[in-house]
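# Geometric and topological summary
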Amino acid sequence: MAWTPKGKHLIAGEWVAGEGQFQNAPAHGPAHDFAMGSPALVDRACNAAEAAFASYGQTSRAARAAFLDAIADEIEARAEAITAIGSAETGLPEARLQGERGRTTGQLRLFARHIEAGDYLDRRHDPALPDRAPLPRPDLKLVQRPIGPVAVFGASNFPLAFSVAGGDTASALAAGCPVVVKGHSAHPGTSEIVAEAIAAAIASQGMDPGVFSLIQGGKRDTGTALVQHPVIRAVGFTGSLGGGRALFDLCAARPEPIPFFGELGSVNPMFLMPAALAARGDEIGRGWAGSLTMGAGQFCTNPGIALVIEGAGADEFVQAATGALSGVEPQTMLTDGIAEAYRAGRERVAGGAGVRELLTSMCDRRNATPYLFEVSGDDWLANHALGEEVFGPLGLVVRLRDFDQMQQVAAGLEGQLTCTLHMDEGDTEQARALMPVLERKAGRLLANGFPTGVEVCDAMVHGGPYPASTNFGATSVGTMAIRRWLRPVCYQSIPEALLPEDLR
């Protein structure tokens, strides 16, 4: 039997209608009506989250791990329906959504195992030294504690893994923080069915229903009300630089400022070193084309910039990339707005001084086809706008005079999620010279690979210096993501009976 959306918000266990409605705009299939969010609904959800924190913030790690596992089980129980509504709303292929669902449930289970182990708590103990001279030392214990209710904004490009039960929500729940999600209006049906799964897990595990709420749609005042609500202690966001910066500024302008963990995108430059380029420029070019067009280029780690030193290897690389991209069929983009922004980005790049067109094609309505351009290193350095992200399958080759100019370009980069070195053994010395610069520019450095595809594991960092993200010391992927929603608390000479369970 096909799943039909309720079209309502989920607030502390209740399905609630709004004062107005909006329709989704699916890539295929019928549209549905959904309740519109409002500041009043935000207030209701946030107050419920604060009330729930009194109990949820004190739950055991074992109880929270069982809760995360239950959410994963409930999502899998709705697997076919999630794929169907997700594919209709976003236009993403079913195989992509099935893989993303696996990533979503996988990170829930990974976080469950991680908090059970307890290492993330960073527990420390300095025993009392009553006889120390000239002054005694009291007993001091430290542990990481949850900060309180967290606001999460669903992402447009990952309707599952970075949305309602995605990494921000999963890591906050793992930390012991209730969550209020502002669902993305591009896929409200997908958001609703995942919220159903979370609600079922809350019921089965006996959690306070205020531990999770989903608010759909809404005007700008709805998002503003959420980040400025006095009980919200931090915000998780994945999206555009403009939208993220506006929310960041709102968080900073509060009477009590709160951290805003925004992942805002990147051009993810690739540095093609001379020996590698000479030996396998053709292979790297074809690989780049595949990475650039994966998922219609709608990944924050899409490698949009290729930096090459002039020579025969550069020509071979460009020829191979152009040939591979020319055979790519049109792909459906996530929303009409994203498709429009992609076309606008193409016009911005094409209009840059010295930019030459290598591959162009027709991109109509919600369909995307790849574009490829090249520019000299001098013209790149003179035009800051060429280093701004174009969300979609657009590539720009920067032809450099020599390695000195490559170093100059590297030093001038803004913050990135990733930087990639394509290198062979003969490139080691030059690559070594670049490393101290690139370490300051990106959260993840790669050699001989492509950055699309972010592994969910302990060592992953998905973040970087601004504007890649708003907090360079955090990651939105991997188990370290949990630490965003914790703060260290020191307990001095506190009786054992009063300590948190994790310190007893």
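Scroll up for the structure.
In this text, all values refer to a predicted model and were calculated from it rather than measured experimentally.

### Section: the overall build of the protein
Helix and strand content of the protein: 14 helices and 21 strands. Considering only C-alpha atoms, the protein reaches an extent of 70 × 70 × 40 Å along its principal axes. Taken over 504 residues, the protein has a buried fraction of 55%. At a minimum sequence separation of 6, the contacts of the protein that also span at least 24 residues come to 76%. Accessible surface computed for the protein: about 19900 Å², of which carbon and sulfur atoms make up 53%. Where the 41 positive side-chain charges of the protein centre and where its 56 negative ones centre are 5 Å apart.

### Re the sheet that holds strand β15 (residues 356-359)
Read from one edge of the open sheet, seven strands run β15-β17-β18-β13-β12-β19-β20, paired in mixed fashion. Edge strands, defined here as strands with exactly one partner in the open sheet, are β15 and β20 (442-447). When the angles between neighbouring strand axes are averaged without regard to direction, this sheet yields 20°. The sheet contact formed by strand β12 (residues 270-272) and strand β13 (residues 305-309) spans three bridges and is parallel. Paired with M270 across the two strands is A306, which belongs to β13. With respect to the sheet, helix α11 (residues 336-350) is in contact with β15, β17 (371-376) and β18 (394-400), its orientation differing from that of β17 by roughly 25°.

### Examining the packing of helix α2 (residues 61-77) against helix α4 (residues 94-117)
Orientation of α2 relative to α4, taken along the N-to-C sense of each, is 170°, at an axis distance of 8 Å. Considering the angle they form, α2 stands roughly antiparallel to α4. The two elements α2 and α4 cross, and the hand of that crossing is left-handed. Contacts between α2 and α4 pair R61, R64, A65, L68, D69, I71, A72, D73, I75 and E76 from the former with R101, T104, T105, L108, R109, F111, A112, R113, I115, E116 and A117 from the latter. Looking at the contact of α2 with α4 residue by residue, the classes come out as ten nonpolar, two polar and nine charged.

### Some thoughts on the nonpolar core
The biggest cluster of nonpolar side chains holds 91 residues, and the ones touching the most others in it are F67, F212, F271, W380, M406, L434 and W485. Beyond its immediate chain neighbours, meaning those up to four positions away, L434 contacts F271, M273, F403, M406, Q407, A410 and L421. Counting 23 residues, the second largest nonpolar core, distinct from the first, contains V231, I232, V235 and F237.

### Details of the packing of α2 against helix α6 (residues 188-205)
Where α2 meets α6, the axes come as close as 8 Å, and the angle between the chain directions of the two elements is 135°. By the angle between their directions, the pair α2 and α6 is classed as oblique. The way α2 lies across α6 gives a crossing that is right-handed. In contact with A66, F67, A70, I71, E74 and I75 of α2, α6 contributes V194, A197, I198, A200, A201, I202, S204 and Q205. Split into classes, the residues belonging to the contact of α2 with α6 amount to eleven nonpolar, two polar and one charged.

Scoring rules and cut-offs
- Residues numbered from 1 in each chain as written.
- Predicted model: local features only at pLDDT ≥ 70, side-chain atom pairs only at ≥ 80, totals over all residues.
- Heavy atoms only, no water.
- Helix = DSSP H or I, 4+ residues; strand = E, 2+ residues; numbered from the N terminus.
- Buried < 20%, exposed > 50% of the residue type's maximum accessible area, 1.4 Å probe, protein only.
- Contact = heavy atoms within 4.5 Å.
- Areas by Shrake-Rupley, 256 points an atom, 1.4 Å probe, with all protein chains shown as cover.
- Lys, Arg positive; Asp, Glu negative; His and termini not counted.
- Charge placed at Lys NZ, Arg CZ, Asp CG, Glu CD.
- Pairing = 2+ DSSP bridges.
- Axes fitted to C-alpha atoms, helices over the stretch in contact; angles between N-to-C directions.
- Parallel < 35°, antiparallel > 145°, perpendicular 65-115°, else oblique.
- Left-handed = near helix turned anticlockwise from the far one by under 90°.
- Nonpolar A, V, L, I, M, F, W, Y, C, P; charged D, E, K, R; others polar.
- Core = buried A, V, L, I, M, F, W, Y, C linked by side-chain atoms within 4.5 Å.

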